[in-house]
Amino acid sequence: QKEVEQNSGPLSVPEGAIASLNCTYSDRGSQSFFWYRQYSGKSPELIMFIYSNGDKEDGRFTAQLNKASQYVSLLIRDSQPSDSATYLCAVNSRTYKYIFGTGTRLKVLA
Amino acid sequence: KAGVTQTPRYLIKTRGQQVTLSCSPISGHRSVSWYQQTPGQGLQFLFEYFSETQRNKGNFPGRFSGRQFSNSRSEMNVSTLELGDSALYLCASLASGRSEQFFGPGTRLTVL
């Protein structure tokens, strides 16, 4: 089992819809959870982080964490074509190492 | 505040050569991590430096090494380059007491 798993996609959603990106992790002791957006040919950009169970909202983005299920998700409301990118889930383990998933490619169709 | 900077942005080397990449973290950040990103393997952790000491290390061969200077700038070195070392090398910095990493633009290394 991979330490951090994401569906590679592509996930295609129409403009204005909600995009839902999911991530599972294997280390129950993981403490911090991050979502990065990466455009093709660019470096990852931090868009959300969450430490506690529940939801955290920032503008059109909502991160959701369920430690019991070892599951973290990212919702993007009112998706725009400019949101088309690869979204990387990252987990900070007890050893302070950051483990990244392989990313989900999101396509927002105009 | 200036972001993370990396130099050079692009490099072309041949097999057997060695290469040194440089990273300057965000001002005030003392932790620098290095990652290798390839299409097949995704983002793989190389090592982390904090206050000039290696705090964590990933599963890469000894050909990959790094160091950090007193001004928090970091370098990574790859010796005896192989074709498989072609990748985007990313540096990320982290503020003390925080968990959010911020990435630099990366160095694209091509090994011929």
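Residues numbered from 1 in each chain as written. Chains lettered and ligands numbered in written order. Predicted model: local features only at pLDDT ≥ 70, side-chain atom pairs only at ≥ 80, totals over all residues. Heavy atoms only, no water.

### So, the environment of A:Phe34
So, point 1. On the secondary structure map, A:Phe34 appears in strand β4 (residues 32–38).
So, point 2. Distance from A:Phe34 to A:Asp83, taken between C-alpha atoms, is 17 Å for residues 49 residues apart in sequence.
So, point 3. Beyond its immediate chain neighbours, meaning those up to four positions away, A:Phe34 contacts A:Leu46, A:Met48, A:Phe49, A:Tyr51, A:Leu88, A:Cys89, A:Ala90, A:Asn92, A:Tyr98, B:Ser99 and B:Glu100. (Helix = DSSP H or I, 4+ residues; strand = E, 2+ residues; numbered from the N terminus. Contact = heavy atoms within 4.5 Å.)

### Considerations on the interface of chain A and chain B
So, point 1. With 17 residues of chain A at the contact, the number on the chain B side is 18 residues.
So, point 2. Contact between chain A and chain B buries roughly 1400 Å² in total, counting both sides, with carbon and sulfur atoms accounting for 55%.
So, point 3. Counting across the chain A and chain B interface gives 0 salt bridges.
So, point 4. Between chain A and chain B we count 5 residue pairs in polar contact (both at pLDDT 80 or more) in total.
So, point 5. Residue assignment for the side of chain A that touches chain B shows that the elements contributing at least two residues are β4, β5 (45–50), β9 (85–92) and β10 (98–100) of chain A.
So, point 6. The element that contributes the greatest number of residues to the side of chain A that touches chain B is β4(A), accounting for 4 residues.
So, point 7. Residue classes in the side of chain A that touches chain B are distributed as 10 nonpolar, 5 polar and 2 charged. (Buried area = accessible area lost by both parts, 1.4 Å probe. Salt bridge = Lys/Arg side-chain N within 4 Å of Asp/Glu carboxyl O. Polar contact = N/O pair within 3.5 Å; in protein donor to acceptor, adjacent residues only side chain to side chain. Nonpolar A, V, L, I, M, F, W, Y, C, P; charged D, E, K, R; others polar.)

### Observations regarding the state of the cysteines
So, point 1. Summed over all chains, the structure comprises 2 disulfides over all chains.
So, point 2. Disulfide pairing places A:Cys23 opposite A:Cys89 at an S-S distance of 2.1 Å. Note on the A:Cys23 and A:Cys89 pair: the S-S dihedral is about -70 degrees, so by sign convention the disulfide is left-handed. Taken together, the residues A:Cys23 in strand β3 (residues 19–25) and A:Cys89 in strand β9 connect sequence positions 66 residues apart. As far as burial versus exposure is concerned, A:Cys23 and A:Cys89 are alike and both buried.
So, point 3. Here B:Cys23 pairs with B:Cys91 through a disulfide, and the sulfurs are 1.7 Å apart. Between B:Cys23 and B:Cys91 the disulfide shows an S-S torsion of about -40 degrees. By sign, it is left-handed. With B:Cys23 in strand β3 (residues 19–24) and B:Cys91 in strand β9 (residues 87–94), the pair connects residues that are 68 residues apart, well separated along the chain. Summarising the burial analysis for this pair, B:Cys23 and B:Cys91 share the class buried. (Disulfide = S-S within 2.5 Å. Buried < 20%, exposed > 50% of the residue type's maximum accessible area, 1.4 Å probe, protein only.)

### Some remarks on the sheet that holds strand β1 (residues 4–5) of chain A
Residues and elements named next belong to chain A.
So, point 1. The 5 strands are arranged β1-β3-β8-β7-β6 in an open sheet whose pairing can be described as antiparallel. Bordering the open sheet on either side are β1 and β6 (54–58), each of which pairs with just one other strand.
So, point 2. Sheet topology note: the β3/strand β8 (residues 71–76) ladder contains 6 bridges and is antiparallel. The residue bridging Ser 20 from the neighbouring strand is Leu 75, located in β8. (Pairing = 2+ DSSP bridges.)

### Some thoughts on the pairing of β3(B)
Residues and elements named next belong to chain B.
So, point 1. Summarising the sheet, strand β1 (residues 5–7) and β3 pair through 3 bridges and their orientation is antiparallel. Across the sheet, the residue bridging to Gln 6 is Cys 23, located in β3.
So, point 2. By the bridge criterion, 5 bridges tie β3 to strand β8 (residues 74–78) in an arrangement that is antiparallel. Following the sheet pairing, Val 19 is matched in β8 by Val 78.

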